[in-house]
Amino acid sequence: MNIVTTQLPGVVILEADVRRDSRGFFLESYNQRRFNELGIHYHFVQDNHSRSGAKVLRGLHYQDMTAPMAKLVRCTVGAIFDVAVDLRVGSRTFGKWVGVELSADNMRQLLIPEGFAHGFATLNDVAEVQYKCSNFYAPASEGAICWNDPDIAITWPFSDAKVSAKDLAAERLQDYLKQPRFILSEM
């Protein structure tokens, strides 16, 4: 397993050691002991799996400090542009984002710590995303930041995204600042 750091502290790309032969491939996508050796100390309690069609955009989602959630994301069918946004008020990277392509071909994973919003856009006709969560889904704790917020200015792969009504109604970063859910000194 190789770790690639990003410009956002704690958000890392994980590249697995893939063993390929004429039969196909094998990779270890998660090994708690190995992750701990690499300095990744999350205890994952829930796995999620989504399937999305062409030009679907999901996010930017988070769970607040009443049920904070880190995610370990991978794409097992197709490809996605996966994004993390720093929502930790007081962080030098607050409001900054990082995006990476995750695909069934590159077999990369993205680790998104607590205090970050997460979203992704499909890059082909069908994409399946699987992710491990460090906390259980808690509807009362969930929140979302608008995917096309100009203050964040994510460079998505397309502008005509298919977005849920819930995500279209997500708050702007400026509104989030009026009642922030993550403050670095409290984490």
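Residues numbered from 1 in each chain as written. Predicted model: local features only at pLDDT ≥ 70, side-chain atom pairs only at ≥ 80, totals over all residues. Heavy atoms only, no water.

Colleague: Could you give an account of the nonpolar core, with specific residues and numbers?
Modeller: Formed by 24 residues in total, the largest nonpolar core has its most connected members in Leu-60, Val-83, Val-85, Leu-87, Ile-152, Ile-154 and Trp-156. Of all the secondary structure elements, the ones that give two or more residues to this core are strand S6 (57-63), strand S8 (79-86), strand S11 (116-122) and helix H3 (173-178). Discounting chain neighbours no more than four positions away, the residues touching Trp-156 are Leu-57, Leu-60, Phe-81, Val-83, Gly-119, Phe-120, Ala-121 and Trp-147. (Core = buried A, V, L, I, M, F, W, Y, C linked by side-chain atoms within 4.5 Å. Buried < 20%, exposed > 50% of the residue type's maximum accessible area, 1.4 Å probe, protein only. Helix = DSSP H or I, 4+ residues; strand = E, 2+ residues; numbered from the N terminus. Contact = heavy atoms within 4.5 Å.)

Colleague: Help me get a handle on the pairing of S11, residues and values and all.
Modeller: Taken across its seven residues, S11 has seven buried, putting it largely inside the fold. Side chains of S11 alternate between two faces, with Phe-116, His-118, Phe-120 and Thr-122 and Ala-117, Gly-119 and Ala-121 buried alike. One ladder, built from four bridges, connects S6 with S11; its direction is antiparallel. Bridging across to S11, Leu-57 finds its partner in Ala-121. Bridge analysis of S8 against S11 gives seven bridges, and the strand direction is antiparallel. (Pairing = 2+ DSSP bridges.)

Colleague: Describe the pattern of salt bridges, listing the residues and the values that go with them.
Modeller: Charged atoms that come close allow side chains of opposite charge to pair. Per the counting criterion, the structure on display carries 11 salt bridges. One salt bridge connects Arg-51 with Glu-128, and the closest N-O pair in it is separated by 2.5 Å. Of the two residues, Arg-51 sits in strand S5 (residues 46-53) while Glu-128 sits in strand S12 (residues 126-133), which places them 77 residues apart along the sequence. A relative accessible area of 53% means that Arg-51 is categorised as exposed. Asp-86 is paired through a salt bridge with Arg-88; the nearest N and O atoms lie 2.8 Å apart. You'll find Asp-86 and Arg-88 in the same group, each marked buried. (Salt bridge = Lys/Arg side-chain N within 4 Å of Asp/Glu carboxyl O.)

Colleague: Please set out the state of the cysteines residue by residue, giving values where relevant.
Modeller: Disulfide: a covalent bond formed between the sulfur atoms of two cysteine residues. Across all of its chains, the model carries zero disulfides by this definition. Cys-133 supplies the cysteine sulfur nearest to Cys-75, a cysteine that is in no disulfide, at a spacing of 16 Å. (Disulfide = S-S within 2.5 Å.)

Colleague: Describe the side chain of Gln-63, naming the residues involved and giving the relevant values.
Modeller: The residue Gln-63 is located in strand S6 in this model. What makes Gln-63 buried here is its relative accessible area of 6%. A distance of 2.7 Å separates a polar side-chain atom of Gln-63 from the backbone oxygen of Ala-67. From its side chain, Gln-63 meets the backbone oxygen of Phe-136 in a polar contact 3.3 Å long. In contact with Gln-63, other than residues within four places in its own chain, are Pro-68, Met-69, Phe-136, Tyr-137, Ala-138, Ser-141, Glu-142 and Phe-182. (Polar contact = N/O pair within 3.5 Å; in protein donor to acceptor, adjacent residues only side chain to side chain.)

Colleague: Residue-level account of the sheet that holds strand S9 (residues 97-103), with values.
Modeller: Within the open sheet, the five strands sit side by side as S9-S8-S11-S6-S13. Their pairing is antiparallel. Two strands close off the open sheet at either side, each with one partner strand: S9 and strand S13 (142-144). Strand-to-strand, the axes of this sheet are offset by a mean angle of 25°, without reference to chain direction. As paired strands, S8 and S9 are joined by seven bridges and run antiparallel to one another. (Axes fitted to C-alpha atoms, helices over the stretch in contact; angles between N-to-C directions.)

Colleague: Can you tell me about the packing of aromatic side chains, naming the residues and giving the values?
Modeller: Considering all chains together, one arrives at eight aromatic pairs under this definition. Measuring from centroid to centroid gives 6.0 Å for Phe-81 and Trp-156, while their planes differ by 80°, and the two rings are edge-to-face. Of the two residues, Phe-81 sits in strand S8 while Trp-156 sits in the loop between S13 and helix H2 (165-168), which places them 75 residues apart along the sequence. For the pair formed by Phe-81 and Trp-156, the shared burial category is buried. Taken together, Tyr-30, Phe-35, Tyr-42 and Phe-44 form an aromatic cluster joined through their ring pairs. Sitting over the ring of Tyr-30, Lys-132 keeps its end group 5.3 Å from the ring centre. (Phe/Tyr/Trp six-rings, centres within 6.5 Å; stacked < 30°, edge-to-face > 60°. Lys NZ or Arg CZ within 6 Å of the ring centre and 35° of its normal.)

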